[in-house]
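# Structural overview for review
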Amino acid sequence: QASEMAKQEEAMRQHMEELKLTQEKSARRESEISGILNAIHNSSLVAEYNMDEELISINDKFQNLLGVQTTQLLGKKYHEIIGSSRHTDEHRKFWKNIRDGKTTSRIDKLTTVTGQDIWLRQTFTPILNKDGEPFKVLNIANDITETIRQKESLEIQANEITRKNIEMGSFNDAVDGALIKCVYSPAGIILE
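Residues numbered from 1 in each chain as written. Predicted model: local features only at pLDDT ≥ 70, side-chain atom pairs only at ≥ 80, totals over all residues. Heavy atoms only, no water.

### Observations concerning the environment of I166
What counts, and what does not: Counting from the N terminus, the helices are the DSSP runs of H or I reaching at least four residues and the strands are the DSSP runs of E reaching at least two.
Within the element layout of this structure, I166 appears in helix α6 (residues 145-178). Separated by 59 residues in sequence, I166 and I107 place their C-alpha atoms 35 Å apart.

Structure below.
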């Protein structure tokens, strides 16, 4: 019995060591995940929605960009926050994909309460429960307003350059048609 008891104690001791290692590994992993989440919250706009499309959490950075108090945002539906209709096929498809567990990215234009237009590149990731079913949505967004404005500015400049090139071509054609012109080579041979 003493020998059997010693074997059981040794097995118990090994089991306790394995359990301790597992707990240490779990604590390290939890600390790592916490660090990653803190980095995301500090560098990005972060919000969470429930599966009824209601905002349940928003970080300070996102709330400050929108210019609205958190208490005024919590409980609002996604379409109310971005100012779109929930009755469109696009909206229904967007939320169906999320409910199906698919990560979805999109670019949205929002108008703040001050009337300022902002552009956001947003990624919506369904968070799954232990049964693999989504129970909330993590929204990580980045403000791309300056990039959109620069793109619009470059497009305006490109259009202006194209217009001026057409104008210069027309001016050149007008000059060619109005003047008598002769082009000579250095040897004095008429080229044109």
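### Details of the environment of F124
Quick reminder of the rule: Any two residues whose heavy atoms approach within 4.5 Å at even a single point are treated as in contact.
With respect to the helices and strands, the residue F124 is situated in strand β4 (residues 117-128). Considering only alpha carbons, one finds F124 and L65, 59 residues apart in sequence, at a separation of 18 Å. Apart from the residues within four sequence positions on either side, F124 is in contact with Y49, Y78, F94, I98, K102, T103, T104, R106, V137, L138 and N139.

### Focus: the layout of surface pockets
Where we set the bar: Cavities and pockets were defined on a 1 Å grid built over protein atoms only: a cavity is a set of grid points that admits a 1.4 Å probe from which the probe cannot escape, a pocket is an open set flanked by protein on both sides within 12 Å along at least five of seven lines, and lining residues are those with an atom within 4 Å of any such point. Grid points are joined across faces, edges and corners, and a volume is the space filled by probe spheres set on the points. Note that Gly is not counted as nonpolar here; it falls among the polar residues with everything else outside the nonpolar set of Ala, Val, Leu, Ile, Met, Phe, Trp, Tyr, Cys and Pro and the charged set of Asp, Glu, Lys and Arg.
Its volume calculated, the largest pocket comes out at about 160 Å³. What lines the largest pocket is L66, V68, L73, K76, E80, I81, L110, T111, T112, V113 and I118. At the level of elements, α4 (78-82) and β3 (104-111) are the ones that each hand at least two residues to the lining of the largest pocket. Grouping the constituent residues of the lining of the largest pocket by class yields seven nonpolar, two polar and two charged.

### Points about the side chain of T112
Here is the rule we go by: A 3.5 Å cut-off defines polar contacts: any pair of N or O atoms within that distance qualifies, except that in protein one atom must be a possible hydrogen donor and the other a possible acceptor, and neighbouring residues in sequence count only when both atoms are side-chain atoms.
With respect to the secondary-structure elements, T112 resides in the loop between β3 and β4. A polar side-chain atom of T112 sits 2.8 Å from a polar atom in the side chain of T114. Apart from residues no more than four positions distant in its own chain, T112 is found in contact with L65, L66 and I118.

### Section: the packing of aromatic side chains
Put simply, the test is: Planes of paired rings set the category: under 30 degrees apart is stacked, over 60 is edge-to-face and the rest tilted, where pairs are Phe, Tyr or Trp rings (Trp by its six-membered ring) whose centres lie within 6.5 Å. Whether a residue is buried, partly exposed or exposed follows from its accessible area with a 1.4 Å probe, protein chains only, as a fraction of its type maximum: under 20%, in between, or over 50%, in that order.
Counted according to the given criterion, the structure contains eight aromatic pairs. Measuring from centroid to centroid gives 6.1 Å for Y78 and W95, while their planes differ by 65 degrees, and the two rings are edge-to-face. Here W95 lies in helix α5 (residues 89-99) and Y78 lies in helix α4, a separation of 17 residues in the sequence. Here the two residues Y78 and W95 agree in accessibility, since each one is buried. Judged by centre distance (5.5 Å) and plane angle (80 degrees), the rings of F94 and W95 are edge-to-face.

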